[in-house]
Each structure stands twice: as structure tokens, then as C-alpha cells.
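# Tertiary structure, described
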Amino acid sequence: MRKQLRSLPSGDPRDPGFRRLRYVRYCDDTLLGFTGPKAEAEEIKQRLTAFLRDELALELSADKTLITHARIQAARFLGYEITVLHNDRKVTRGRRSANGVVSLKVPASVIKAKKASYLSRGKPEGRPRLINEDDHTIVNTYGAEWRGIVQYYLLAGNVHRLHRLGWVMETSLLKTLANKHRSSVAKMARRYAATIATPHGPRKCFEARIERSGRKPLVARFGGIPLRRNKDAAITDRVLVPGTIRHKELITRLLANRCEICRADDGITVHHVRRLADLTRPGQPQPAWAEFMARRRRKTLVVCRTCHDSIHTGQPKPQLTQ
């Protein structure tokens, strides 16, 4: 009898005199939640179409303006799937807590579209355009993209579905680092592995650091975000600074004001070569600085005065700091 009791609705869902209409808008995206017959929903849509056309000279998109049943077909709004839950077995404190509750979900199409930029022939692949960047920039780029996706969908009840996307992005990150250092994915995973503390306990992530004298190190992280729903999550749209232009790589290396061979900061200058082919001559052993330039595919090397003189005299320092 208890099972039969829970299968019966607690109220009358077919009350002919009950109506409810909820409205939410963000920019040009609008969502209406209506409790009532479908015929009246069609009438509301027609009245809205006429008002927008006659009063505001606007036209509704026929492909995007849809009428769906909240329990049968999810509505799409701002990248979320919005449905109404119904589960007679979900009981909290003696009451069916799921029935009639609005639920936010991560669409499967969104996860598929996000994974596409990190896949090649169905498998995770590195990004060749990031190979010439430093490790901190590579990890920071992947970390910012991952944080943006996760934090946007923290309101979803199935945010854990992003785990598959996280694995694809993680593998792509490790392959990018492996291609840069001519190494393997396993070695890169061991090299950059780290553990951080979160409100839900310790979480593993990947971390790249740049040590700075007299200041805190620059830390870039990927991962370490618990995929758990946060009902109080707030999405903040930060206004980007207009006209921000990224420095060229050579300018960034010069602003670092350190030698790429010995890390000194005395009399920083740039050593040039005419062609990359001159750095890899067959049958001739190359000094460490030439191998370093050939590996980075750069015809410039930021060095101090002492190292620059050693390069031109043919006696460079044997040890090169990576």
C-alpha cells in the first residue's frame, strides 16, 4: 500500500482552472515555463509573435522557438538542458522530493563539440601551435579552458559527465608537452603531477611553476576541480579589456631579462643565426646552444654578455639550463 501511495500524485495535475507562467530572459534568449494545456501555449506563442512583429519590428526564429514538454523533451537555454524531474522512488524525509523539480543538465552535444577541438581521428591529440610556448603557458592555456567549462556547468545536476572531456583535454595537454620535450606522455605525467587541497578533499592535478627571486612563483594548474554540483554557483561575466595585444615571443623573452643558457641577468642581448639549417649540419657535432636553438626551432637566443662572447669565440659553456 505504501508503494501504491507513492505512485499517486500528491496534488491534482489536471486541475482545469490552474495556470502558471514563468519568464526568464538573457540578452536575446528567452525561456517561458507554462503550466497548462498545449493549445494555450500555442496561443501565447502566436500573441508574442504578433507583438514582436507589430510593435518592435522583430521576428522570432522558427527553428529556435519551440514548444516542448518539460518531462519528455528538454528545453535548451544558454547551453543548458532544462527538464522537470519525476521519480516516485526518490523520497527525502518521507516526501517525494524530485517530482516537479526543475533540473539543469549538461547536454551531450556540448560535450561532444568541446571534445572535437582536442581530437584527431577520434583520439586525443596535442596542439602543434603551442609547442614553441613555455611549459607554464601551455599548462595555463589548458587550465583556463577547463576551468571555464567546469565553472559554467557547476549548476548542472550531471556535471560529473564532464569527466570524459577532462580526460581528453588532459591527454591532449600531456601529448603537447611530450612533443615539446621529445619525451613520452607517461614521463610528462610524472614530471608535472601535483596534489592540491580542495573543499572536497585532496585532488590530483598537473602543475607548472616559474620560480622568481623575492616574489611568489608563477603557478599554472590543470585539473583539481571537483566535478560536484554547486547549487550556489554564480556565473560572473568578466568584461575583457579592449585592445589587449599579446607581446611577441621574442619581446616576452627579452622582458624576462635572463640568459637562456646560464640564467644570469648581466648585459642581456640576442644571438642570431641566418638559417636553422646551419644549426644541424650532418656529420658535425654541434654545441649545446646550437642544439637548444634547433630544438626550439628559433633563430634567436637570449644570452648574457659572457655567454655571447663564448659563443663567438667557439667556447660556449658546456652546461645549458633548461
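Residues numbered from 1 in each chain as written. Predicted model: local features only at pLDDT ≥ 70, side-chain atom pairs only at ≥ 80, totals over all residues. Heavy atoms only, no water.

### Some details on the sheet that holds strand 10 (residues 193–198)
Strands belonging to one sheet form pairs held by backbone hydrogen bonds; the direction of such a pair is parallel or antiparallel. Applicable threshold: When DSSP finds two or more bridges between a pair of strands, those strands are recorded as paired. Helix and strand definitions follow DSSP, with helices as H or I runs of at least four residues and strands as E runs of at least two, each counted in order from the N terminus. Axes here mean lines fitted to C-alpha atoms, for a helix over just the part in contact, with angles spanning 0 to 180 degrees between N-to-C directions. Note on contacts: a residue pair qualifies if any of its non-hydrogen atoms lie within 4.5 Å across the two residues.
Taken together, 3 strands build an open sheet; the order of strands is 10-11-12 and the sheet is antiparallel. A single partner strand is all that each edge strand has here, and the edge strands are strand 10 and strand 12 (215–223). The mean angle between the axes of side-by-side strands here comes to 50°, regardless of whether they run parallel or antiparallel. On top of the sheet, helix 5 (residues 163–181) reaches strand 11 (201–212) and strand 12; it is set at about 125° to strand 12, its chief contact.

### Focus on the pairing of strand 12
Where strand 11 and strand 12 come together, 7 bridges link them in antiparallel fashion. Each residue of the ladder has a partner; that of Glu207, found in strand 12, is Arg221. Where strand 11 folds back on strand 12, the antiparallel hairpin that results is connected by 2 residues, among which Gly214 adopts a positive phi of roughly 80°.

### Observations regarding the environment of Lys45
Just so we agree on the cut-off: Buried, partly exposed and exposed residues are distinguished by accessible area as a fraction of the type maximum, computed with a 1.4 Å probe on protein chains only: under 20%, between the cut-offs, and over 50%, respectively.
Inspection of the secondary structure assignment puts Lys45 in helix 2 (residues 38–55). By relative accessible area, which is 29% here, Lys45 ends up partly exposed.

### Let's talk about a nonpolar patch on the surface
Operational definition: Here a patch means residues that are over 30% exposed by relative accessible area and free of salt bridges, tied together within 9 Å if like-charged and within 5 Å if nonpolar (Val, Leu, Ile, Met, Phe, Trp, Tyr). Only the protein chains shown count as covering a residue, and every accessible area follows the Shrake-Rupley method with a 1.4 Å probe. Basic side-chain nitrogens of Lys or Arg form a salt bridge, by our definition, when they fall within 4 Å of a carboxyl oxygen of Asp or Glu.
A grouping of Leu21, Tyr23, Leu32, Leu48 and Leu60 is seen on the molecular surface, where their side chains present a nonpolar patch of about 440 Å² in accessible area. Residue Leu21 is classed as partly exposed on the basis of its relative accessible area of 44%.

### Section: helix 5
We count it as follows: Multiplying 1.5 Å by the residue count of a helix minus one yields the expected span of that helix.
The end-to-end C-alpha distance of helix 5, which contains 19 residues, comes to 27 Å, matching closely the 27 Å that a straight helix rising 1.5 Å per residue would cover. Here helix 5 has its buried residues at Leu165, Gly166, Val168, Met169, Thr171, Ser172, Leu173, Leu174, Thr176, Leu177, Ala178 and Lys180. Positive backbone phi, at 55°, marks Arg182, one or two positions downstream of helix 5.

### A look at helix 2
For helix 2, which comprises 18 residues, the first-to-last C-alpha distance of 26 Å matches the rise-based estimate of 26 Å (1.5 Å per residue) to within 8%. Directly after helix 2, the chain includes Ala57, whose backbone phi takes a positive value near 60°.

### As for the pattern of salt bridges
This model, assessed by the stated rule, comprises 6 salt bridges. Here Glu40 makes a salt bridge to Arg19, at a shortest N to O gap of 2.8 Å. Of the two residues, Glu40 is situated in helix 2 and Arg19 in the loop between helix 1 (2–7) and strand 1 (20–26); the sequence distance between them amounts to 21 residues. Across the pair Arg221 and Glu207 runs a salt bridge whose closest N-O atoms are separated by 2.8 Å. Taken together, the positions of Arg221 in strand 12 and Glu207 in strand 11 put the pair 14 residues apart, joining distant regions of the chain.

### Overview of the packing of aromatic side chains
As a reminder, the rule being used: Classification of ring pairs uses Phe, Tyr and Trp, with its six-membered ring standing for Trp, and accepts pairs whose centres are within 6.5 Å; under 30 degrees between planes counts as stacked, over 60 as edge-to-face, and the remaining range as tilted. Whether a charge lies above a ring is judged from NZ of Lys or CZ of Arg, which has to be within 6 Å of the ring centre and within 35 degrees of the ring normal.
Overall, the coordinates contain 5 aromatic pairs when judged by the stated rule. Seen in terms of ring centroids, Tyr118 and Tyr142 are 6.0 Å apart; in terms of plane orientation they differ by 40°. Their pairing is tilted. Of this pair, Tyr118 sits in the loop between helix 3 (108–116) and strand 8 (119–120) while Tyr142 sits in helix 4 (residues 135–152), placing them 24 residues apart in sequence. For the cation-ring pair, Arg127 lies above Tyr142, with the distance from its terminal atom to the ring centre recorded as 5.0 Å.

### Concerning the state of the cysteines
Note the following rule: Throughout, a disulfide means two cysteine sulfur atoms within 2.5 Å of one another.
Here the structure, examined in full by the defined rule, presents 0 disulfides. Cysteine Cys304 shares no disulfide, and the gap to the nearest cysteine sulfur, in Cys307, comes to 3.6 Å. Cys304 sits in the buried class, given a relative accessible area of 3%. On the basis of relative accessibility, which here comes to 1%, the residue Cys307 falls in the buried class.

### Here we look at the sheet that holds strand 7 (residues 102–105)
Taken in spatial order, the 3 strands line up as 3-4-7 in an open sheet, and their pairing is antiparallel. This sheet does not close on itself; its edge strands, each paired only once, are strand 3 (75–77) and strand 7. Each strand of the sheet is rotated relative to its neighbour by a mean of 35°, with strand direction disregarded. Note that strand 4 (residues 80–84) and strand 7 share 4 bridges and pair antiparallel. Within strand 7, the residue paired with Glu81 across the bridge is Lys105.

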